[in-house]
Amino acid sequence: MKRLPIGIQDFRTIREENYIYVDKTKDIHYMIENTRQGFFSRPRRFGKSLLINTLKELFKGNKELFEGLYIYDKISWVKYPVIHVDFNAMNYKSNPLADEIDKSMEKNAKENGIELIATDYKNKFIELLDRLHKEQGKVVVLIDEYDKAITDFLGEEEKVNENISVLKNFYSTLKSADGHIHFSLITGVSKYGKVSIFSDLNNLDDLTLNRRCTTIAGITKEELQTAFSKHLESLCQEMNFTHEELIQRIKLWYNGYSWDGKNSVYNPFSLLNFLKEGQLQNYWFTTGTPSFLIKLLRKQRIPAYQLEQLQGATALLESSDVNDIELLPLLFQTGYLTIINVKEIIAGRLRYTLSYPNEEVRQSFTKNILAGYLSKPVAQTESEYIIRLTDTLLEKDLEEFFNISKAIFDGIPYGITAKQEEYFHSVMHVILTLTGMRTHSEVQTSKGRMDSVVESPDTVYIFEFKINTSAEEALSQIDEKGYGKRFAVDGKALVKIGVNFDTESKNISEWIAI
């Protein structure tokens, strides 16, 4: 059985050392045939570096590494000089960014047999492009994680501006170097306008939402079933699941990422780690803490339940000013939200619907929201509240459930959202989501809007919230609007719960359940 390529971003290593390679060369073939200078955005640990490394081997003419893959007999295998700038490999947290880029230029020159005369990183880049073109032919430029030296310092305005200045100077070289370049690809997480690559490079083709590139990174359901069939078979036996049961669990936790609202892929890092460990855990999420995003969520006073479904135009997907970042585009670009639907409203105008891609992200991000609200570490909120909340609903102990909920409200500042109603609903949405059960908030029906519905293995809980009235009034609305009929499930008990919030105490004042 071939090995799982966890954390391996070197194409040659994967091909030569018995690791599984999911063949993405059909998509790569489309990319190189239809793009000359491209930009491609995906979240961290989503295969961008492997894509860049695969292109490097391809343009170096190493045909033998591609034997058996789609592209093997589709191209002429001309060898090109390659400049590979990898920001993952730079130590810019300890050294000046300019010095790290300078080292990268020297490394590329040495690999291509050139001794540079220029003395600074920008002129070294210019010299390298010029001499490679004259001596070896047109150049392939591959830049991996172009924005990492910005993203890693979000919230540190002085450092961000310093690095932007360096990067803008470096990338401006590409504008005047067009005649030297055969192909270029720049990858990153976010699309920052101030770095200038999008304003200066007028012919840069943004492939992020290109319908032919939606599955070039990540793993499709078909690729999971074919490339990892033996690993799936082994896990079915080990976990005592049928094949279909195992696939459904993996899909719920790690699938759902989409850049067109139609084709979805698995998070490769989480999927590979699950296939190795056999446990549904937060593999991808734990590799990066979204503390900056949680602070932004509070600063921009966005209710937590809104993240379950957001609608907007293309602007919802793009961030332009790194010093005045809008949260929602950044949540999409960093992988905490994804496209679940795209609809053409009128000719030329699209409406995008965003939501969490899967349970790994939903549960983990919501835990971080609660920890941010309470100003406590995630581990502490988990032990103090989250585990107990789940147990109370499973045991139908509503008295204890509301005692814990009140304790959470006691510890949360009142001004986390712009409106009173949003505050109470936002906190309750977080509480209910963290039970780990299927939760719906702000559900539209033909007769009104239901506040929250939670489904446990044997019970459906319908919550209706009121402010400064009574729990009885909230309960009456559930019956008057017929909310119970929509979510009645055969074989499951139906529990209707009316909750009243008091703005003076800023907490739950009473609740009734029937």
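The structure presented is a predicted model; accordingly, all values stated were derived computationally and were not measured.

Asker: I'm lost on the sheet that holds strand E4 (residues 181-188) in this one. Help?
Answerer: What links the strands of a sheet is backbone hydrogen bonding, and the strands pair in either a parallel or an antiparallel sense. One open sheet holds the five strands; their spatial order is E2-E3-E4-E1-E5, and the pairing between them is parallel. With partners counted over all chains shown, the strands left at the sheet margins are strand E2 (82-86) and strand E5 (205-206), one partner each. Judged from the five bridges that link them, E2 and strand E3 (residues 139-144) form a sheet pairing that is parallel. Bridging across to E3, Asp 86 finds its partner in Asp 144.

Asker: Could you clarify how one ought to interpret the nonpolar core in this entry?
Answerer: Across soluble globular proteins, nonpolar side chains have a tendency to be buried as a group. Leu 55, Ile 143, Leu 185, Leu 307, Phe 365, Ile 369 and Phe 463 are the most contacted members of the largest nonpolar core, which has 152 residues in total. In this structure, Val 443, Val 453, Ile 478 and Phe 487 belong to the second largest nonpolar core, which totals nine residues.

Asker: What is the right way to look at helix H17 (residues 398-410) in this model?
Answerer: Structurally, the α-helix is built with 3.6 residues per turn, so residues lying three or four positions apart point the same way. Taking 1.5 Å per residue as the helical rise, H17 with its 13 residues ought to reach 18 Å, and the 18 Å between its terminal C-alpha atoms agrees with that figure. Of the surrounding elements, those touching the buried residues of H17 are helix H15 (359-374), helix H16 (378-394), helix H18 (420-433), strand E13 (459-467), strand E14 (493-502) and strand E15 (507-513).

Asker: In this structure, what is going on with the pattern of salt bridges? I would like to understand it.
Answerer: Pairing of side chains with opposite charge becomes possible as their charged atoms draw close. For the structure shown, the criterion picks out 28 salt bridges. With its nearest N and O atoms 2.7 Å apart, the salt bridge here joins Lys 124 to Glu 106. Taken as a pair, Lys 124 in helix H5 (residues 121-136) and Glu 106 in helix H4 (residues 97-111) lie far apart in primary sequence, 18 residues in all. Given the relative accessible area of 6%, Lys 124 is considered buried. Glu 106 sits in the partly exposed class, given a relative accessible area of 34%. For Arg 362, the salt bridge goes to Glu 359, with nearest N and O atoms at 2.6 Å. Taken as a pair, Arg 362 and Glu 359 lie in helix H15 at a separation of three residues, close to a single helical turn. Classification of Glu 359 by relative accessible area gives buried; the value is 15%.

Asker: For this particular structure, what's the right way to read the packing of H17 against H18?
Answerer: Between two packed helices, both the angle of their axes relative to each other and the distance between the axes serve to describe the pair. Here H17 crosses H18 at 125 degrees, and the two axes come no closer than 11 Å. Classified by the angle their axes make, H17 and H18 are oblique. Between H17 and H18 lies a crossing whose hand is right-handed. Packed against H17, whose contacting residues are Phe 401, Ser 405, Ile 408 and Phe 409, the element H18 presents Tyr 423, Phe 424, Val 427, Met 428, Ile 431 and Leu 432 at the interface. Here the contact of H17 with H18 is built from residues that sort into nine nonpolar, one polar and no charged.

Asker: Can you walk me through the side chain of Asn 163 in this structure?
Answerer: Within the element layout of this structure, Asn 163 appears in helix H7 (residues 157-176). Among the residues examined, Asn 163 registers a relative accessible area of 1% and is labelled buried. With residues near it in sequence (within four places) discarded, Asn 163 still touches Leu 97, Ala 149 and Phe 153.

Asker: Quick question: what am I supposed to make of H4 here?
Answerer: When the terminal C-alpha atoms of H4 are compared, their 21 Å separation across 15 residues agrees well with the 21 Å that a helix rising 1.5 Å per residue should span. For H4, every residue scored as buried is listed here: Leu 97, Glu 100, Ile 101, Asp 102, Ser 104, Met 105, Asn 108 and Ala 109. Packed against the buried residues of H4 are E2, H5, helix H6 (148-151) and H7.

Asker: Quick question: what am I supposed to make of the environment of Phe 402 here?
Answerer: Here Phe 402 is to be found in helix H17. Separated by 106 residues in the primary sequence, Phe 402 and Ile 508 have C-alpha atoms spaced 8.2 Å apart. Residue contacts for Phe 402: discarding those within four places in its chain leaves Phe 463, Ile 497, Val 499, Ile 508 and Trp 511.

Asker: What should I look at first to understand the side chain of Asn 53 in this one?
Answerer: You can see Asn 53 is positioned in helix H3 (residues 48-59). Note on Asn 53: relative accessible area 11%, which makes it buried. Sequence-distant contacts of Asn 53, defined by excluding residues within four places in its chain, comprise Gln 9, Asp 10, Phe 11 and Arg 12.

Asker: Hey, could you run me through the sheet that holds strand E8 (residues 310-312) in this one?
Answerer: What the three strands build is an open sheet, ordered E8-E10-E9; its pairing is antiparallel. Edge positions in the open sheet fall to E8 and strand E9 (338-346), since each of these has one partner strand only. Ignoring which end each strand starts from, the neighbouring axes of this sheet average 20 degrees apart. Pairing of E8 with strand E10 (residues 349-355), which is carried by three bridges, proceeds in the antiparallel orientation. Of the residues in E10, the one forming a bridge with Gly 312 is Tyr 352.

Asker: What exactly am I supposed to notice about unusual backbone geometry here?
Answerer: Keep in mind that most residues, glycine aside, have a negative phi and that most peptide bonds are trans. One non-glycine residue, Asn 18, lies in the positive phi region at around 65 degrees. Examined against the element boundaries, Asn 18 turns out to sit in the loop between helix H1 (11-16) and helix H2 (25-34). Unusually for a residue other than glycine, Lys 396 sits at a positive phi of about 60 degrees. Here Lys 396 shows up in the loop between H16 and H17. Taking the relative accessible area as the measure of exposure, Lys 396 reaches 41% and is therefore partly exposed.

Asker: Any chance you could explain empty space enclosed by the protein here in plain terms?
Answerer: Empty space among the atoms can be located by rolling a probe the size of a water molecule over them. Applying the stated rule across the entire model yields one cavity of 30 Å³ or more. Taken as a whole, the largest cavity encloses approximately 30 Å³ of empty space. Lining the largest cavity are Tyr 305, His 425, Ser 441, Glu 442, Asp 451, Ser 452 and Phe 465. If you list the elements that add at least two residues to the lining of the largest cavity, you get strand E11 (438-445) and strand E12 (448-455). Split into classes, the residues belonging to the lining of the largest cavity amount to two nonpolar, three polar and two charged.

Asker: Is there a simple way to think about the environment of Ser 426 in this case?
Answerer: Here Ser 426 shows up in helix H18. With 199 residues separating them in the primary sequence, Ser 426 and Ala 227 have C-alpha atoms 41 Å apart. Of note is the side chain of Ser 426, whose polar atom sits 3.1 Å from the side chain of Tyr 373.

Asker: It is not clear to me how the environment of Arg 44 should be interpreted in this structure. Could you clarify?
Answerer: Residue position: Arg 44 is located in the loop between strand E1 (37-41) and H3. The spatial distance from the C-alpha of Arg 44 to the C-alpha of Glu 145 is 9.0 Å, given a sequence separation of 101 residues. Those residues in contact with Arg 44 that sit more than four places away from it in its chain are Val 189, Trp 284, Phe 285, Thr 287, Gly 288 and Tyr 336. At a separation of 2.4 Å, a polar atom in the side chain of Arg 44 contacts the side chain of Thr 287. A distance of 3.4 Å separates polar atoms of two side chains, one belonging to Arg 44 and the other to Tyr 336.

The rules behind the values
- Residues numbered from 1 in each chain as written.
- Predicted model: local features only at pLDDT ≥ 70, side-chain atom pairs only at ≥ 80, totals over all residues.
- Heavy atoms only, no water.
- Pairing = 2+ DSSP bridges.
- Helix = DSSP H or I, 4+ residues; strand = E, 2+ residues; numbered from the N terminus.
- Core = buried A, V, L, I, M, F, W, Y, C linked by side-chain atoms within 4.5 Å.
- Buried < 20%, exposed > 50% of the residue type's maximum accessible area, 1.4 Å probe, protein only.
- Expected span 1.5 Å × (residues − 1).
- Contact = heavy atoms within 4.5 Å.
- Salt bridge = Lys/Arg side-chain N within 4 Å of Asp/Glu carboxyl O.
- Axes fitted to C-alpha atoms, helices over the stretch in contact; angles between N-to-C directions.
- Parallel < 35°, antiparallel > 145°, perpendicular 65-115°, else oblique.
- Left-handed = near helix turned anticlockwise from the far one by under 90°.
- Nonpolar A, V, L, I, M, F, W, Y, C, P; charged D, E, K, R; others polar.
- 1 Å grid on protein atoms, 1.4 Å probe; cavity = no way out; pocket = protein on both sides within 12 Å on 5 of 7 lines; lining within 4 Å.
- Points joined across faces, edges and corners; volume = space filled by probe spheres on them.
- Polar contact = N/O pair within 3.5 Å; in protein donor to acceptor, adjacent residues only side chain to side chain.

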